[in-house]
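# Per-entry structural report
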Amino acid sequence: MMWFNIAKAQSFMPTQGTEIAKQVDNLYGFLLITSFIACVLVIGGMIYFVWKYRRKTPNDKTAYISHNTFLEFLWSFIPLVIFLAVFVWGWYIYHNMRAMPKNALEINVLGKQWAWEVEYKNGYKTVNEVVVPIGQDVKILLTSSDVIHSFFVPSFRIKQDAVPGRYTALWFRAEKLGDFHIFCTEYCGTSHSAMIGKLKVVSREDFDRYLEQGQEERNLPLAKKGEKLFAVKACASCHSVDSAAVKVGPSLFQKFGHEEEMDNGEKLKFDENYIRESILEPNKHIVKGFPKGVMPTFQGQLNENELSALVEYIKELK
Amino acid sequence: MATKSAHHGDNYINFEKGLWSWLTTVDHKRIGLMYMISVMFFFFVGGVMALLLRLELFAPNATANVGQVLKNGDVYNQVLTYHGAIMVFMVIVPGIPAILGNFFLPLHLGAKDVAFPKINLASWYCFMAGAALAVLTFFFNKIDTGWTFYTPYSIRTGTATVMMVLGAFIMGMSSVLTGLNFIVTVHKLRAPGMTMHRMPLFVWALYSTAILQMLATPVLAITLLLLAAEKLFGVGIFDPALGGDPVLFQHFFWFYSHPAVYIMIIPAMGVVSELITTFSRKVIFGYTAIAYSSLGIAAVSFFVWGHHMFVSGQSETAGIIFSFLTMLVGVPTAIKMFNWVATLYKGSISFDSPMLFALGFLFLFAIGGVTGIMLATLPIDVHFHDTYFVVAHFHYVMVGGTLMALMGGFYYWFPKMFGKMFNENLARLSFVFIFIGFNVTFFPQFILGAMGMPRRYFDYIPAYETLNKVSTVGSWLILTGFLFGLYAIVQGIRKGPKASMNPWNSKTLEWQTSSPPPHDNFAVEPIVTAGPYEYR
Ligand code: HEM
Ligand SMILES: [Cu+2]
């Protein structure tokens with residue numbers, strides 16, 4: 001058993017944030033040890049033989065051993081038994097991983113290029129941040145608005161693809177407070193490797209307060225609401241707002257009221273209508289030096305009130 | 001003037017002269033060499049891209065340093081796609097069958113040529129045309145889908161997917177033609193006395209591979225055509241926006257591509273079988289087990305594609321069945337490993353460079369194999385899927401396995417192919433660098449994967465920095481090794497001492513003719529009276 005613990009400690013797996021993580025690591029620890037033994041047998045045997053039987057004279061006599069039925073049976077049968085045992089053990093854990101608990105707290109997560117949009121039951125929305133209470137079953141309902149993404153929390157040992165046009169789900173019960181990484185593991189283009197979110201495990205009270213705070217945000221002043229939306233709709237992943245630095249798209253910092261040169265040489269005034277048009281029909285006018293077709297349209301995804309909030313926010317970036 | 005008989009001093013290289021005689025040749029040996037040159041060229045291109053990828057990953061982009069070669073995600077993703085696609089479709093899949101198989105299958109069987117020499121030439125032209133089409137996309141409209149072309153990303157991204165896919169389609173035709181040719185050759189052209197059970201194991205491996213190529217490749221072809229149709233005409237098979245199913249593409253794709261990984265590895269296993277017996281000067285242990293396990297692996301490999309899709313949203317039941325079947329493929333693979341090690345027992349083992357590569361194969365393939373079992377285990381794969389663990393695993397199998405075997409086989413048959421010897425010390429040096437460099441490059445990636453670093457990332461969080469640095473340094477060691485190897489080969493061809501007919505004292509037929517062989521392979525048709533490895 002000591003070996004077993006050593007193997008687990010050396011397995012380099014991230015913190016065990018859930019009970020399932022422990023189960024997975026146990027099986028992995030077992031596999032590490034068996035694999036290690038298998039490699040020692042095969043590689044060790046090989047090294048021993050090549051050394052012991054290295055060529056000594058140019059005309060060495062060698063043994064003529066063409067087969068050995070008993071040995072061959074043994075080394076087919078033993079791996080088979082081990083593989084089947086591992087398979088059954090794996091099946092058991094996988095079943096625990098996939099059987100959705102009843103009465104779980106449900107959170108909807110939408111993958112899109114290149115952010116995770118999170119929505120709670122009460123309508124509160126955030127981006128790239130999932131907050132959950134400790135010790136409760138949580139079910140994440142996944143989908144995607146463009147291409148396939150995959151929701152991966154290494155510390156919880158869970159992963160599930162977010163597929164456009166259907167829902168998939170996964171569940172977990174967090175057992176450690178703290179922040180954990182969410183990675184996208186299904187390749188999804190330009191900023192795939194920046195599609196990183198945070199899974200925050202907090203106490204029950206903090207969680208309730210968090211949701212309440214979300215409710216209050218609905219009564220914010222217009223520009224503040226815009227700021228929020230700017231983050232939630234992941235505009236921030238492509239546009240900088242606090243410096244002239246260019247990300248994927250043009251910076252929006254201190255732009256309002258100035259003129260902008262388009263790729264056809266035309267100059268347009270950066271005003272309310274220009275902002276509105278850029279959100280709804282991003283490919284109509286392309287700023288000089290940027291490629292066409294990168295920014296998706298938000299037509300149908302924002303209501304008039306939200307549009308005004310965004311305009312107000314961008315206006316105030318001075 | 002060349003007459004059709006092999007007279008004194010004539011060999012397949014000087015039999016006819018001029019570039020044109022090569023481009024129109026139907027001699028399987030010449031075609032094998034033409035494949036060799038093409039594959040080495042593509043390997044060079046794919047290799048340079050690999051070095052660039054590793055350079056980019058030297059450090060996270062937050063720190064300013066060498067780790068900023070490919071500047072932004074798009075360029076990295078494109079280079080990644082070409083690296084993967086070139087290495088898979090133009091190096092590892094054709095590698096052993098097209099180079100060594102073409103050259104040695106007829107020689108192994110005691111035949112004059114393959115069954116359909118003209119089709120053989122046509123398949124080289126298919127390969128070149130497909131490869132050219134695919135590589136040319138790089139110069140006007142780069143693709144960035146990854147070599148797997150997953151939908152709906154591949155449908156949406158505004159790049160040359162259709163052209164690339166067409167290239168892969170044409171290369172697939174080349175693969176089918178070669179497979180067909182090999183199957184008929186094995187059945188029809190064996191020398192008198194050469195029963196199926198007296199064929200060298202390399203031939204058995206090529207035969208199993210050929211069956212796979214014939215059955216699996218058309219599925220890829222159809223899938224790629226559907227993808228092209230979807231992209232051009234929006235037919236709505238894979239795109240959810242048109243009512244299609246994006247996961248369907250993955251089913252189709254892996255239905256080909258899983259067998260394809262065996263198309264890549266079974267020939268390597270065949271080469272290794274030859275090397276191990278020859279350099280231990282001992283009959284192979286368990287000939288029948290090795291021969292039939294190739295066929296067994298080929299058969300089962302059609303039913304395990306779903307292990308690439310454990311987290312794709314396929315049903316729990318499907319996942320369980322695929323995991324079970326995958327475990328079953330592990331058994332014949334394990335059998336082969338034990339047989340090779342048992343062959344060494346009481347042998348007379350020499351450490352010539354081909355043997356070093358074979359032993360390197362056993363070492364690396366053992367690690368590739370056990371990590372394969374880990375990935376076949378459902379809940380563990382949920383954590384490892386699409387992380388660097390997978391990157392490490394497939395490099396251990398494909399590079400550590402197939403490429404090691406390809407190089408071992410290449411050095412082994414070098415004297416026969418060119419009639420010259422290479423510099424043994426250089427070849428050994430090359431092996432040492434490649435072997436050490438390989439482990440330094442890819443072993444840390446198992447750990448990175450366990451820690452959770454996803455694959456196809458052009459940037460990463462600082463926690464992964466140290467191991468990525470180690471890995472990048474390893475890639476420079478591999479480069480050094482290949483440069484030594486290249487030098488050994490070029491030097492050997494130009495200035496190597498003349499090789500004898502059978503420098504390794506091997507028993508198989510190809511060594512019973514002159515080096516290099518005459519145009520017709522054998523001056524007198526050989527008659528076979530015993531198995532291929534009668535070392536007594
Ligand atoms: C010097 C040796 C090599 C190095 C340093 C290297 C490095 C890399 C790197 C850094 C990646 C990107 C991994 C990711 O982000 O997912 C990669 C992917 C890949 N490599 Fe290699 N590689 C090497 C040789 C090869 C060879 C010989 C093959 C042939 C089979 C190969 C096949 C692949 C494939 C199929 C991918 C996946 C591409 C994808 O994810 O779309 N590599 N390699
Ligand atoms: Cu993604």
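Residues numbered from 1 in each chain as written. Chains lettered and ligands numbered in written order. Predicted model: local features only at pLDDT ≥ 70, side-chain atom pairs only at ≥ 80, totals over all residues. Heavy atoms only, no water.

## So, the coordination of the copper ion (ligand 2)
Binding of the copper ion (ligand 2) to the protein goes through A:His149 (ND1), A:Cys184 (SG) and A:Cys188 (SG), at separations of 2.1 to 2.3 Å. By relative accessible area, which is 0% here, A:Cys188 ends up buried. (Donors = N, O, S within 2.8 Å, 3.2 Å for Na, K, Ca; no water. Buried < 20%, exposed > 50% of the residue type's maximum accessible area, 1.4 Å probe, protein only.)

## Things to note about the packing of helix H3 (residues 73-109) of chain B against helix H4 (residues 117-140) of chain B
Residue and element names in this part refer to chain B. Contact geometry for H3 and H4: axes closest at 11 Å, N-to-C directions at 165 degrees. As the angle between them shows, H3 and H4 are arranged roughly antiparallel. Regarding H3 and H4, the two cross each other, and that crossing is left-handed. Of H4, the residues touching H3 (which contributes Tyr82, Ile86, Phe89, Met90, Pro94 and Asn102) are Asn120, Phe127, Ala131, Ala134, Val135, Thr137 and Phe138. (Axes fitted to C-alpha atoms, helices over the stretch in contact; angles between N-to-C directions. Helix = DSSP H or I, 4+ residues; strand = E, 2+ residues; numbered from the N terminus. Parallel < 35°, antiparallel > 145°, perpendicular 65-115°, else oblique. Left-handed = near helix turned anticlockwise from the far one by under 90°. Contact = heavy atoms within 4.5 Å.)

## Some words on the domain arrangement of chain A
Residue and element names in this part refer to chain A. Under the domain assignment, chain A is made up of domain 1 (12-42 + 67-99), domain 2 (105-218) and domain 3 (220-316). Taken residue by residue, the interface counts 15 residues in domain 1 and 13 residues in domain 2. Together, the buried faces of domain 1 and domain 2 total about 1,200 Å²; carbon and sulfur atoms form 47% of this surface. Interface area lost by domain 1 to domain 2 is led by Gly17, Thr18 and Arg98, which between them contribute 38%. Counting across the domain 1 and domain 2 interface gives two salt bridges. For Glu175, the salt bridge identified is with Lys22, shortest N-O distance 3.8 Å. Our enumeration of links across domain 1 and domain 2 arrives at ten residue pairs in polar contact (both at pLDDT 80 or more). Counting only elements with at least two residues in the side of domain 1 that touches domain 2, the list comes to helix H2 (19-52) and helix H3 (69-98). At five residues, H2 tops the list of elements feeding residues into the side of domain 1 that touches domain 2. Counted by class, the side of domain 1 that touches domain 2 contains six nonpolar, five polar and four charged residues. (Domains from an automatic or database assignment. Buried area = accessible area lost by both parts, 1.4 Å probe. Salt bridge = Lys/Arg side-chain N within 4 Å of Asp/Glu carboxyl O. Polar contact = N/O pair within 3.5 Å; in protein donor to acceptor, adjacent residues only side chain to side chain. Nonpolar A, V, L, I, M, F, W, Y, C, P; charged D, E, K, R; others polar.)

## Looking at the confidence of the model for chain A
Considering every residue of chain A, the mean pLDDT works out to 88; 96% of them sit at 70 or more. When mean pLDDT is compared element by element in chain A, strand E6 (residues 149-153) of chain A scores highest at 96, while helix H1 (residues 2-9) of chain A scores lowest at 55. (pLDDT = per-residue confidence, 0-100.)

## Examining the site of ligand 1
Residues and elements named next belong to chain B. Ligand 1 sits among 25 residues. The nearest are His83, Tyr388, His395, Arg455 and Arg456. One nitrogen or oxygen atom from the side chain of His83 is found 2.8 Å from a nitrogen atom belonging to ligand 1. For ligand 1, an oxygen atom lies 2.6 Å from a polar atom in the side chain of Arg456. The set of elements that each furnish at least two residues to the shell around ligand 1 consists of helix H2 (28-56), H3, helix H13 (388-418) and helix H15 (465-495). Here the shell around ligand 1 is built from residues that sort into 17 nonpolar, five polar and three charged. (Near = heavy atom within 4 Å.)

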